[in-house]
Amino acid sequence: MCARACATRASLVEPGGPPAAESVRRRAVMCAEVCDATCRVLSEQDLQDETVLRVQVEWCRAVCLECARMFDRQRGGEKGSRACRDCARACTDFLAVLG
């Protein structure tokens, strides 16, 4: 949901627009890409390296929280902010399972 919300938000910003809007677009795209990459890593059957999983999930959590704070400052960003926080919470829960 986070990747979808970020991709949607990024698509609403015209490339080459004002610097603040461009920053929102870039961060939203990055968040969507990190979430997507994390999903791919977690779905790999052959990957059992806990260190790699932990680093990837921690990175995803950090990017999602940063993106949520950015959406908090944007008009109409409530849905994206909520999705990013939900994803960060899921990452935190997964890290707790890893121990």
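Conventions adopted
Here the residue numbers are simple positions, counted from 1 along each chain's written sequence. For this predicted model, a pLDDT threshold of at least 70 governs which residues receive local features, and a threshold of 80 or more governs which side-chain atom pairs are given and counted, while totals over whole chains, interfaces and linings are taken from all residues. By convention in this description, side-chain values take in all heavy atoms of the structure and omit both hydrogens and water. Put simply, DSSP H or I for four residues or longer makes a helix, DSSP E for two residues or longer makes a strand, and each gets a number counted from the N terminus. Buried means the residue's accessible area, taken with a 1.4 Å probe over protein chains only, is under 20% of the maximum for its type, while exposed means over 50%, and partly exposed covers the values in between. What makes a salt bridge here is a side-chain nitrogen of Lys or Arg within 4 Å of a carboxyl oxygen of Asp or Glu, nothing more. Sulfur atoms of two cysteines make up a disulfide when they are within 2.5 Å.

Caption draft 1: Examining the environment of V34 more closely. Inspection of the secondary structure puts V34 in helix α2 (residues 19-43). On the basis of relative accessible area, V34 is assigned to the buried category, the value being 3%. Through-space distance from the C-alpha of V34 to that of A3 is 8.1 Å; in sequence the pair is 31 residues apart.

Caption draft 2: The arrangement of the pattern of salt bridges in detail. Under the definition given, this model contains seven salt bridges. In this structure, R27 engages E66 in a salt bridge whose closest nitrogen and oxygen atoms are separated by 3.2 Å. Of this pair, R27 sits in helix α2 while E66 sits in helix α3 (residues 50-72), and the two are 39 residues apart along the sequence. For R27, a relative accessible area of 32% puts it in the partly exposed group.

Caption draft 3: Just the state of the cysteines, in detail. Throughout the structure, instances matching the rule amount to zero disulfides. No disulfide involves C2; its nearest neighbouring cysteine sulfur is the one of C84, lying 3.3 Å away. For C2, a relative accessible area of 3% gives the class buried. Left without a disulfide partner, C39 is nearest to the cysteine sulfur of C35, which lies 6.8 Å away. Of the residues examined, C39 reaches a relative accessible area of 52% and is grouped as exposed.

Purely geometric numbers; function is a separate question.
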